[in-house]
Each structure stands twice: as structure tokens, then as C-alpha cells.
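Now for the letters of each chain:
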Amino acid sequence: MVIFLNLVLAGLRLGLKNYQVGEKWIFDDYLYLCKGL
């Protein structure tokens, strides 16, 4: 269980930067859609 949690935490740390970039893309798309409506 502890090993599993460590793997998850390591994955989160690696993915955090990618997630933040992805979140920005989603936010930009959302604004674009709102302007289109």
C-alpha cells in the first residue's frame, strides 16, 4: 500500500506541470467557446 502511494505521489509530481499546462488549454478553450456563444 505504501509503495503504491509513493508511486502515485511520484506520478502526480511528474504530471503536475503537464496538468497545469492542460488546465490552461482547457481554460482557453472555455473562454473561446463562451465568446462564440
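A few points on the structure. (Residues numbered from 1 in each chain as written. Predicted model: local features only at pLDDT ≥ 70, side-chain atom pairs only at ≥ 80, totals over all residues. Heavy atoms only, no water.)

So, about the overall build of the chain. Scanning the chain from N- to C-terminus turns up one helix and zero strands. Counting only residues that meet the buried cut, the chain has 0% of its 37 residues in that class. (Helix = DSSP H or I, 4+ residues; strand = E, 2+ residues; numbered from the N terminus. Buried < 20%, exposed > 50% of the residue type's maximum accessible area, 1.4 Å probe, protein only.)

With that settled, the discussion passes to a nonpolar patch on the surface. Together, M1, F4, L5, V8, L9 and L12 give the surface a local cluster of nonpolar side chains, amounting to about 640 Å² of exposed area. Summarising the element assignment, L12 is placed in helix 1 (residues 2–36). (Patch = residues over 30% accessible without salt bridge, like charges linked within 9 Å, V, L, I, M, F, W, Y side chains within 5 Å. Areas by Shrake-Rupley, 256 points an atom, 1.4 Å probe, with all protein chains shown as cover. Salt bridge = Lys/Arg side-chain N within 4 Å of Asp/Glu carboxyl O.)

The next subject is the pattern of salt bridges. Overall, the coordinates contain one salt bridge when judged by the stated rule. Residues K24 and D28 are paired through a salt bridge, measuring 3.0 Å at the closest nitrogen-oxygen approach. Note that K24 and D28 are positioned in helix 1 at a spacing of four residues, about one turn of the helix.

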